[in-house]
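The primary structure of each chain is shown beneath.
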Amino acid sequence: MNMSSGSTEPRRRRAVPRALGVTAALAGGLAMVVAVAVAAGWMPGWRDWGLPGTGPKLGEHGMTGKNNTNASRIACALPPLAAQRPDAPEGMVWVPAGRLTPGDSVYPEEAGGKPVQLAGFWMDRTEVSNDQFARFVAATGYVTVAERAPDPTRLAGAPPELLRPGALVFQVPRKLDGPPDPLQWWRYLPGASWRQPGGPGTHLEGRGSLPVVSVTLEDAHAYARWVGRQLPTEAQWEWAAREARDQATPQHEQPRQANTWQGRFPMEDAASDGFAGIAPVGCYAGNALGLHDMIGNVWEWTRDAWRPGHEDAPPPALQAARAAATGGPLAQGVIKGGSFLCSPDWCMRYRAGARQPQDLDLATSHLGFRTILEVR
């Protein structure tokens, strides 16, 4: 991942006991990609990771410092839709067919979008909540990736903490040492998962309406299959976020009706949008289609494989989607929408055309998902 482009998220460190090279990295999967990044100086190796005990005490939702300013608002009622089809599945809205030219012009990875024709589909009005995911786990006994022990063969030479189940958790640093570096505000915490999104000692009591986080692509696919749906492709997600209109947002200012970061990132979130940290689903006004939190709050998984630009999309796109769904050899997937950590001075990804890579097996405290239902 290119840290200079405003990314808020580092990758899990992997030590690779063989010679490094860009060609080998591209052929050898995520472990080699990260190893090359370490060798090139783009990011520190795992020995430089922040581990439990090295950072400040965690607050709610994996954040330190100020908690939600609207802590009493543990749920937000969704407004009635102006018009809804009689065949609408519960909790979903219709996204009509149309022609999309994806992308934007802020970061290099947004360029090169070619027009694509999309059929209509149903989409969840909100991100999947903790309560919804809990019902899935209770019914199936599913264990998320963050709750399973990592494969030690993929983390050869790593310290014991990184061989324990866990997830990346954001925490506000007490101070910044040197240039801004995501490793100063992200920690890999053993024990962190969707049940304990801020790490051991945190919980979901009273937070059932918050979006579920610390879920990987595998976890999101498992939930989607259980409810008889799919994850959106990158193009479907962007089309819905654009309100089924083939035009990028003309301005790139920070949105007012979205949960993003106001203030000096990552030290102080002024929370002028009402929340410091993750908000319950549906607390902000929906877009013209009736979709809430498409921008901000938490990042959302798509089912597409990551590529550095739209022009590099592997044809057909469905091939990448199926590989991701079946655990194919894909190192990273595409996430969309930005999160409560996006700010004008660090991560301007609070736009429909913004995109970012995410390790398929790495759960983080600001990443969730929503589902779609395709009409055959």
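Residues take numbers from 1 onward in each chain, read along the sequence in its written order. Selection of residues for local features in this predicted model requires a pLDDT of at least 70, selection of side-chain atom pairs for listing and counting requires 80 or more, and totals for whole chains, interfaces and linings are taken over all residues. No hydrogens and no water enter the side-chain calculation; it runs on all heavy atoms of the structure.

(A) Fine view of helix H3 (residues 130-140). Throughout this description, buried means an accessible area under 20% of the type-specific maximum (1.4 Å probe, protein chains only), exposed means over 50%, and partly exposed covers the range between. Each helix corresponds to a stretch of at least 4 residues labelled H or I by DSSP, and each strand to a stretch of at least 2 residues labelled E; elements are numbered beginning at the N terminus. All of the buried residues in H3 are Asn-130, Phe-133, Phe-136 and Val-137. Buried residues in H3, looked at end-on, bunch into an arc of 125°, giving them a common side. Exposed positions of H3 whose direction lies more than 90 degrees from the buried face are Arg-135, Ala-138 and Ala-139. The inward-facing, buried residues of H3 abut helix H4 (217-226). At the C-terminal side of H3, Gly-141 shows a positive phi close to 75°. Summarising the geometry, the arc corresponds to the directions from the helix axis toward the C-beta atoms. Any two residues whose heavy atoms approach within 4.5 Å are treated as being in contact.

(B) Highlighting H4. Counting buried positions along H4 gives seven out of 10 residues, so the element sits mostly inside the fold. Where H4 is concerned, the buried positions are Leu-217, Asp-219, Ala-220, His-221, Ala-222, Tyr-223 and Ala-224.

(C) View of the state of the cysteines. The term disulfide is used for any two cysteine sulfur atoms that are within 2.5 Å. With the rule as written, the count across this model stands at one disulfide. A disulfide bridge connects Cys-76 with Cys-283, and the sulfur atoms are separated by 1.9 Å. Negative torsions about the S-S bond denote left-handed disulfides, and the value of about 85° found for Cys-76 with Cys-283 makes this one right-handed. Placement of Cys-76 in the loop between helix H2 (30-40) and strand S1 (92-95) and of Cys-283 in the loop between helix H5 (234-241) and strand S7 (299-305) is noted, with a sequence separation of 207 residues between them.

(D) Layout of the nonpolar core. Val-95, Met-123, Phe-133, Phe-170, Leu-291, Trp-301 and Phe-369 are the most contacted members of the largest nonpolar core, which totals 61 residues. When residues of this core are traced back to their parent elements, those giving at least two are S1, strand S4 (121-124), H3, strand S5 (166-170), strand S6 (186-190), H4, H5 and S7. We call a set of buried Ala, Val, Leu, Ile, Met, Phe, Trp, Tyr and Cys residues a nonpolar core when their side-chain atoms join them within 4.5 Å. Grouped together as the second largest cluster of nonpolar side chains are six residues, Ala-167, Val-169, Leu-189 and Ala-192 included.

(E) Quick look at empty space enclosed by the protein. The definitions used throughout rest on a 1 Å grid laid over the protein atoms alone, on which a cavity is an enclosed set of points accommodating a 1.4 Å probe that cannot get out and a pocket is an open set flanked by protein within 12 Å on both sides along at least five of seven lines; lining residues are those having an atom within 4 Å of a point. Grid points are joined across faces, edges and corners, and a volume is the space filled by probe spheres set on the points. Within the structure shown, the criterion is met by one cavity of 30 Å³ or more. For the lining of the largest cavity, a count of residues per class yields eight nonpolar, two polar and one charged. Under the scheme applied here, ten amino acids are nonpolar (Ala, Val, Leu, Ile, Met, Phe, Trp, Tyr, Cys and Pro), four are charged (Asp, Glu, Lys and Arg), and all others, including Gly, are polar.

(F) Looking closely at the pairing of strand S8 (residues 332-336). By the criterion of burial, S8 is predominantly enclosed, with five of the five residues buried. Neither face of S8 is open: one carries Gln-332, Val-334 and Lys-336, the other Gly-333 and Ile-335, and all of them are buried. Between any two strands, pairing holds if DSSP finds at least two bridges. The pairing of S7 with S8 spans three bridges and is antiparallel. In the strand pairing of S8, Trp-301 is matched with Ile-335. Two strands pair when backbone bridges link them, and S8 and strand S9 (residues 356-359) are joined in this way by four bridges, in the antiparallel orientation. Residue pairing for S9: Gly-333 is matched across the bridge by Gln-358.

(G) Highlighting the sheet that holds S7. With respect to topology, four strands assemble into an open sheet ordered S9-S8-S7-S10, the strand pairing being mixed. This sheet does not close on itself; its edge strands, each paired only once, are S9 and strand S10 (367-368). All axes are obtained by fitting lines to C-alpha atoms, using only the stretch in contact for helices, and the reported angles, taken between N-to-C directions, cover 0 to 180 degrees. On the sheet, H5 packs against S7 and S8 and is oriented at approximately 140° with respect to S7.

(H) Representation of the environment of Met-348. Inspection of the secondary structure puts Met-348 in the loop between S8 and S9. By relative accessible area, Met-348 is classed as partly exposed at 22%. Residues Met-348 and Thr-260 lie 88 residues apart in sequence; the distance between their C-alpha atoms is 9.9 Å. If sequence neighbours within four positions are ignored, Met-348 has contacts with Val-106, Tyr-107, His-252 and Ser-343.

(I) Inspection of the packing of aromatic side chains at higher detail. To pair, rings of Phe, Tyr and Trp, with the six-membered ring standing in for Trp, must have centres within 6.5 Å; the planes then decide the type, stacked if under 30 degrees apart, edge-to-face if over 60, and tilted in the middle. Evaluated as defined, the whole model comprises 19 aromatic pairs. Look at Phe-133 and Tyr-223: their rings are 6.1 Å apart centre to centre, the planes differ by 25°, and that puts the pair in the stacked class. Of this pair, Phe-133 sits in helix H3 while Tyr-223 sits in helix H4; the two residues are 90 residues apart in sequence, bridging distant segments of the chain. Judged by its relative accessible area of 0%, Phe-133 is buried. Aromatic side chains Tyr-223 and Trp-226 sit 6.1 Å apart centroid to centroid with 50° between the ring planes, which places their arrangement in the tilted category. Of this pair, Tyr-223 and Trp-226 both sit in helix H4, separated by three residues, roughly a single helical turn. On the basis of relative accessible area, Tyr-223 is assigned to the buried category, the value being 6%. Assessed through its relative accessible area of 40%, Trp-226 is described here as partly exposed.

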